[in-house]
Structures are given as C-alpha cells and as structure tokens.
Amino acid sequence: MTSFGSAARLIARQTGLPVREARVVGSQHGYQHLLLTLAGGRRAFAKVAPARDLAPARDLAPAHDLAPARDLAPAGLAAAFAAEASSLRWLAEADAVPVPEVLAVTGEALVISMIPPGHASPSAAFGFGAALARMHAAGAAEFGAPWRGFIASLPLDNTPAAAWPPWYARRRLQPYLELAVDAGALRPEDGRLVEAVIDRIDSLAGPAEPPSRIHGDCWAGNVLWSDDRGWLIDPAAHGGHRETDLAMLALFGAPHLDRILAGYNDTVPLAPGWRSRVPLHQLHPLLVHACLFGASYREEIRSAAQAALSA
C-alpha cells in the first residue's frame, strides 16, 4: 500500500518515536493499523486513533472478517490502548510466553514491536503450551486487574475479587448476557439457559484454584508463530482461571492444539475434569461475539450452556 509521510510525522509527534515511514494496512474497532519503520530500520506495528492525515478507516479492509457492531469512541480508544499496554507489560513480567514490546502508548496511539511472521509446528506448539503454563503459574494478586479492561470494542469489568466463580458470573457472564438479550441477539429463553449456569456457578466451576496470569482473549488469532515459538498479542490480561485461556484456544481451532495441551499438562498438570468445563469457559467469548456480531452465535451459546449444565 502507499506510504504516508504525513502519517509518519503524525505518529512521531504523538509518540516521540523516530518514525521514518508509516503505511496504513487495516482498521478495526474504531482505530487504524499501521506498519512503521523507525530510525535504524526497526519495524513496528501501531494502533492509531483516526485522523485526517490518515486514510479513512472505511476505505480499508477490516482486520476481522466480520464487521463489529460498534467502534470505540476516542475516550474509549485511549483507555483501550492503556489497557493493552498494561496487559502486555504484565504478561512480559512472567518471562514465559513472549509478547511484543510496548514502544510507546498515548491517548492516540499504541506502538509495539513487530513480530516477523512464521508458521506453527508441533514443536512450537508444545513449547508454547509449556510456556503458557509457566505464565499462568506466575499468578496474580486477585481475580481481576487494576486497569480497565477491553475485549474487542467492549469494556471488561476488571474489579478484583477473591473467588473466581462469583467473579466470572458477575464480571464475565451477566453483563454480556444482558447486552445480548437487550440487543435481540439472544431470545429470553436463551437468556434463561445462561442464567441457569450463573445460578449454579459454584458447583460447575470445579476445584478451587488460585488466580492465574491469563491472556484473557486467547483465541488462535491472538497467537502469532515466529522463530518456532508462539507469541501472544492483543491481550485482555487479568488474574483469572487458567482453563479460560485453554478453552479459548479450543473455541476457534488453534493449530496443533493437542501438542499445546501436552506441553501445558507436562509442565503444570491440569485439574481433574478440566475438559468437561471447557464449555463453561467458552460462554464468555461466545456472549461477547453475540454482542458484537448478533444472533449467529445463538446456537453455540445454547450448546455451551447446556454442556456446562450437564457436566
């Protein structure tokens, strides 16, 4: 695509980075994606609030094959950039799964190091699973996080709590269930099925576990494969249940999932019955998708709720 000198100057002014070249490569959730070349030739990736200096987002191919139902307002973009930067830095502290380096974050832009593209392999998947287990084991002070959360263009309530079952029900299921029903993506009878899961959350959650340091939006598209390793991007990180990340990897088909799970379980064994709890952990991302993309996720939500209740 065309190189935009004005875009380079804009991002340099916003972030203080020595940007030599910038080109717009996509848009999503109300911000634009740019590939940057910094002084010295280093490559970087940026998420930037739209500006007149940049090509209009509507003229660019979206980064997701489904157009989201809503975009973030400017104030929301600033909070989302801050949340992603906090998430990346917190995950990096575990020194387990590699994540991009945060090069700059402002109210108008987030700039991170560029990860060269690669391919998934069985050995990389096994190593990623082992590293993910170590990242989770680094732990968290509580369930939740001290920063505002976002998943796609939706806010996440990260208010901390000491116990996972009520936290998950109140912070990850109830708000998105209400939003999906109010928007017509779910019918009242679908809502009652998910409410039954919420009512029984204590008995469905499995053995109590301490807060894990989780990615929080760990679907296959947020794992990049480079240099025979899996890298995590676009986190919604918080103290959570480690089975949540594994359930997300399964939801949209991570490559070599069996090797990821083998590497994980060899490093930190999973609790008995974890496979039966996968649908419970998948309910949150499915509800988020219903809020963003509508009723096409209704049957998957019903199936996950029914499976969770029958576990």
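Below or above, wherever it landed, is the structure these notes cover.

Here is what the cut-offs are and how they apply
Residues numbered from 1 in each chain as written. Predicted model: local features only at pLDDT ≥ 70, side-chain atom pairs only at ≥ 80, totals over all residues. Heavy atoms only, no water. Pairing = 2+ DSSP bridges. Helix = DSSP H or I, 4+ residues; strand = E, 2+ residues; numbered from the N terminus. Axes fitted to C-alpha atoms, helices over the stretch in contact; angles between N-to-C directions. Contact = heavy atoms within 4.5 Å. Phe/Tyr/Trp six-rings, centres within 6.5 Å; stacked < 30°, edge-to-face > 60°. Buried < 20%, exposed > 50% of the residue type's maximum accessible area, 1.4 Å probe, protein only. Patch = residues over 30% accessible without salt bridge, like charges linked within 9 Å, V, L, I, M, F, W, Y side chains within 5 Å. Areas by Shrake-Rupley, 256 points an atom, 1.4 Å probe, with all protein chains shown as cover. Salt bridge = Lys/Arg side-chain N within 4 Å of Asp/Glu carboxyl O. Lys, Arg positive; Asp, Glu negative; His and termini not counted. Charge placed at Lys NZ, Arg CZ, Asp CG, Glu CD.

## Quick notes on the sheet that holds strand β3 (residues 43-48)
So, point 1. Pairing is antiparallel across the open sheet formed by five strands, whose spatial order is β1-β2-β3-β5-β4. The two strands at the open ends of the sheet, each matched to only one other strand, are β1 (19-28) and β4 (102-105). Ignoring strand direction, the axes of neighbouring strands in this sheet form an average angle of 20 degrees.
So, point 2. Pairing of β4 with strand β5 (residues 109-113), which is carried by three bridges, proceeds in the antiparallel orientation. Bridge assignment links Val-102 to a residue of β5, and that residue is Ile-112.
So, point 3. Sitting on the sheet, helix α1 (residues 5-15) is in contact with β1, β2 (31-38), β3, β4 and β5, with an inclination near 95 degrees to β1.

## Focus on unusual backbone geometry
So, point 1. Even without a glycine there, the phi angle at His-29 is positive, about 55 degrees.
So, point 2. Relative to the elements of secondary structure, His-29 occurs in the loop between β1 and β2.
So, point 3. Unlike most non-glycine residues, His-256 shows phi in positive territory, near 55 degrees.
So, point 4. Inspection of the secondary structure puts His-256 in the loop between α7 (242-251) and α8 (257-267).

## Describing the packing of aromatic side chains
So, point 1. Within this structure, the stated rule accounts for six aromatic pairs.
So, point 2. For the pair Trp-219 and Phe-252, a centre-to-centre distance of 6.1 Å together with 85 degrees between the ring planes defines the contact as edge-to-face. Of the two residues, Trp-219 sits in the loop between β8 (212-214) and β9 (223-226) while Phe-252 sits in the loop between α7 and α8, which places them 33 residues apart along the sequence.
So, point 3. Its relative accessible area of 30% is what places Phe-252 among the partly exposed residues.
So, point 4. Between Phe-293 and Tyr-297, the ring centres sit 6.5 Å apart and the planes meet at 40 degrees, which makes this aromatic pair tilted.
So, point 5. Judged by relative accessible area, Phe-293 falls into the buried class, the value being 19%.

## A look at a negative patch on the surface
So, point 1. Negative charge collects at one region of the surface, where Glu-178, Asp-182, Glu-195 and Asp-199 lie side by side.
So, point 2. Of all elements in the fold, only α4 (164-182) and α5 (188-199) reach the threshold of two or more residues within the negative patch.
So, point 3. Summarising the element assignment, Asp-182 is placed in helix α4.

## Observations regarding the pattern of salt bridges
So, point 1. Applying the stated criterion to the full structure yields eleven salt bridges.
So, point 2. A salt bridge links Asp-157 to Arg-171, with the nearest nitrogen and oxygen atoms 3.0 Å apart. Of this pair, Asp-157 sits in the loop between β7 (154-156) and α4 while Arg-171 sits in helix α4; the two residues are 14 residues apart in sequence, bridging distant segments of the chain.
So, point 3. Between Asp-190 and Arg-187 there is a salt bridge whose closest N-O contact spans 3.1 Å.
So, point 4. Among the residues examined, Asp-190 registers a relative accessible area of 1% and is labelled buried.
So, point 5. By relative accessible area, Arg-187 is classed as partly exposed at 30%.
So, point 6. The network of salt bridges with common partners includes Arg-187, Glu-189, Asp-190, Arg-298 and Arg-302.

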